[in-house]
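# Structural characterization, general
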Amino acid sequence: MPTTERRATTGDATTGDAGVIDPARLVAAVTDRYPKARERPEAVRVLRAPGRVNLIGEHTDYNMGFVLPVAIDLEVRIASFPTDDRQVEMTLLETGETAGFSLDAIGSRRGGWIDYVAGTAWSMVAAGTPVHGFRGVLASTLPRGAGLSSSAALELASAWALAGGGAPALDGMTLARIAQRGENEYVGVRCGLMDQFASALGVPGGARLLDCRSLEHRPVLLPLDELSLVVCHSGSPRRLEASAYNERRAECERAVSAIAAVEPAVRSLRDVDLAMLERYRSRLDPIARARAWHVVTENDRVLATEAALRDGDFDTVGRLFAESHQSLRDRFAVSSDALDALVAIAAGTEGVVAARLTGAGFGGCTVNLVRRERVAAFRAAIEQDYPRTTGLRPTVYEVEPVGGAGLVS
């Protein structure tokens, strides 16, 4: 999805101070394009939904495990003008590309960014939630192919626009599940709930720990007085629609099926522990066993990270991040040379407390916890050493935790 860069550096170039998309510019774009909006500019609403970076808990959400995401101040914004004609039309601010559909005949997916809007509308209709036509202009500060959940942010912002430009008559968790269903069943990506959950229910100043089975969640404050949250984009884009993501899910399900044949109470890898994996080792093929081992141990790491953050035990946080990255690389096979290089540079840089790949993998980003006084030195190390190692251009984002989707004042 097209983006507008914010407080980021790519090589030697710095783009923007905070990179916030000016709501007045979005409103002007809508009123310039649509005469009816020009007649009633007070009816235009600017809606926002944040992307997310996951601190730890990768590929655990669709296995009914634990995740620890942070909603971040890289986001999608839509200036929306509600209409009565049951038509949805949106234009990308960056390129002028326009796409749309009828709410009475949404049709099948088209293979572009509008699918995430159409899928959200389809899912809201299926859930019996009222939807309204609108005209809108879309802008984003989320980098393309970074694994920071630009799709979920677009879904949540679209849900607010489809609700008429105000708060949907649904709680945040229900709205997140509706958006997830749209991505699963309409777009065809079998993602878990984490991304939509984070975009809907983000908390300023911290993360949220989500139990993907019970859907219970709680805020986890981050030591932001001492540490900065820094995301490094590898410059190697990630395509979540690629078959590898769905293959990993199928491999996890294969492990569950093999164990459930003798342990009927097992419904997901959440019900499995290491002792059980060892007990039924011969029933699992090597790939399914490796995938399951990662998920089981990753769930433990999420809970241990929450405790370590609460206690200010940064050494343990660093160890848990490193173990997570190694497991994603060696057991789940979703890292890459580029991501490994970013983590290696971080590990050798003074002031970096923790580093690992974040998101589904297959390219994208790393997440780093860096002592505030060392952020500039960390950025310099990435921009100097990473291109020399990989031939790729990195982008470094210092991000802040923010609240979930809503109206922009």
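Residues numbered from 1 in each chain as written. Predicted model: local features only at pLDDT ≥ 70, side-chain atom pairs only at ≥ 80, totals over all residues. Heavy atoms only, no water.

Take the nonpolar core next. With 105 residues, the main nonpolar core has Leu55, Leu68, Phe101, Leu148 and Leu229 as its most contacted residues. Broken down by element, this core gets its largest block of residues, 8 residues, from helix H4 (residues 150-162). Residues contacting Leu148, with those up to four places away along its chain left out, are Gly51, Arg52, Val53, Ile72, Leu74, Leu142, Pro143, Val231 and Cys365. Membership of the second largest hydrophobic core comes to 16 residues, among which are Leu342, Val375, Phe378 and Ile382. (Core = buried A, V, L, I, M, F, W, Y, C linked by side-chain atoms within 4.5 Å. Buried < 20%, exposed > 50% of the residue type's maximum accessible area, 1.4 Å probe, protein only. Helix = DSSP H or I, 4+ residues; strand = E, 2+ residues; numbered from the N terminus. Contact = heavy atoms within 4.5 Å.)

To continue, consider the packing of aromatic side chains. Tallied over the full model, the rule gives 2 aromatic pairs. Both rings, one in Tyr62 and one in Tyr245, keep their centres 5.7 Å apart while their planes meet at 70°; by these two values the pair is edge-to-face. Separated by 183 residues along the polypeptide, Tyr62 in the loop between strand S3 (45-54) and strand S4 (66-67) and Tyr245 in helix H7 (residues 243-260) bring together distant segments of the chain. By relative accessible area, which is 6% here, Tyr245 ends up buried. (Phe/Tyr/Trp six-rings, centres within 6.5 Å; stacked < 30°, edge-to-face > 60°.)

A few words now on empty space enclosed by the protein. Here the idea is plain: a probe the size of a water molecule rolls over the atoms and shows the empty space left. In the structure shown here, the tally under the stated rule is 2 cavities of 30 Å³ or more. Of the volumes computed, that of the second largest cavity is approximately 30 Å³. The wall of the second largest cavity is formed by Leu222, Pro223, Leu224, Leu227, Ser228, Leu229, Leu309 and Leu369. Considered class by class, the residues forming the lining of the second largest cavity number 7 nonpolar, 1 polar and no charged. (1 Å grid on protein atoms, 1.4 Å probe; cavity = no way out; pocket = protein on both sides within 12 Å on 5 of 7 lines; lining within 4 Å. Points joined across faces, edges and corners; volume = space filled by probe spheres on them. Nonpolar A, V, L, I, M, F, W, Y, C, P; charged D, E, K, R; others polar.)

Overall, mixed pairing links the 6 strands, which are arranged S7-S6-S8-S5-S3-S15 in an open sheet. Two strands in the sheet have a free side with no partner beyond their single neighbour: strand S7 (98-102) and strand S15 (406-407). As judged from the 8 bridges shared by strand S5 (residues 69-83) and strand S8 (residues 133-140), these two strands associate in the antiparallel manner. Paired with Pro82 across the strands is Phe134, a residue of S8. Sheet strands in contact with helix H1 (residues 23-33) are S3, S5, strand S6 (87-92), S7 and S8, and its direction is about 30° off that of S5. The sheet contacts of helix H6 (residues 194-201) involve S3 and S5, and relative to S3 the element is tilted by about 130°. (Pairing = 2+ DSSP bridges. Axes fitted to C-alpha atoms, helices over the stretch in contact; angles between N-to-C directions.)

Empty space within the second largest pocket amounts to approximately 200 Å³. Together, 15 residues line the second largest pocket, and Gly318, Ala322, Val343, Ala347 and Ala355 are the ones closest to its centre. Secondary structure elements with two or more residues in the lining of the second largest pocket: helix H10 (314-330), helix H11 (337-347) and strand S12 (352-358). The residue inventory of the lining of the second largest pocket, partitioned by class, reads 9 nonpolar, 4 polar and 2 charged.

With that out of the way, let us pick up the packing of helix H5 (residues 172-187) against H6. Closest axis-to-axis distance for the H5/H6 pair is 8 Å, and the angle between their directions is 140°. Once H5 is placed against H6, the crossing between them reads as right-handed. Seen from H5, the contacting residues are Gly172, Met173, Ala176, Ala179, Gln180 and Glu183; seen from H6, they are Gln196, Phe197, Ala200 and Leu201. Tallied by class, residues from the contact of H5 with H6 come to 6 nonpolar, 3 polar and 1 charged. (Left-handed = near helix turned anticlockwise from the far one by under 90°.)

In this section: the environment of Thr390. Here Thr390 is to be found in helix H12 (residues 375-390). Accessibility expressed as a relative area gives 27% for Thr390, which makes it partly exposed. Among residues more than four places away in sequence, those in contact with Thr390 are Ala338 and Ala341. A polar contact of 3.1 Å, which involves the side chain of Thr390, links it to the backbone nitrogen of Leu392. (Polar contact = N/O pair within 3.5 Å; in protein donor to acceptor, adjacent residues only side chain to side chain.)

This part is about unusual backbone geometry. Notably, Met64 is not glycine yet its phi reads approximately 60°, a positive angle. By secondary structure assignment, the location of Met64 is in the loop between S3 and S4. Its identity as a non-glycine residue notwithstanding, Ala333 has a phi of 55°, on the positive side. Relative to the helices and strands, Ala333 is located in the loop between H10 and H11.

Now for the pattern of salt bridges. Overall, the coordinates contain 25 salt bridges when judged by the stated rule. The salt bridge involving Glu263 is made with Arg279; its shortest N-O contact spans 3.7 Å. Within this pair, whereas Glu263 is found in the loop between H7 and helix H8 (274-279), its partner Arg279 is found in helix H8, the two being separated by 16 residues in sequence. Note that Glu278 and Arg281 form a salt bridge whose closest N and O atoms lie 3.2 Å from each other. A relative accessible area of 38% means that Glu278 is categorised as partly exposed. According to the relative accessible area criterion, Arg281 is partly exposed, its value standing at 39%. Overlapping salt bridges, with partners in common, bring together Glu58, Glu298, Arg301 and Arg356 in one network. (Salt bridge = Lys/Arg side-chain N within 4 Å of Asp/Glu carboxyl O.)

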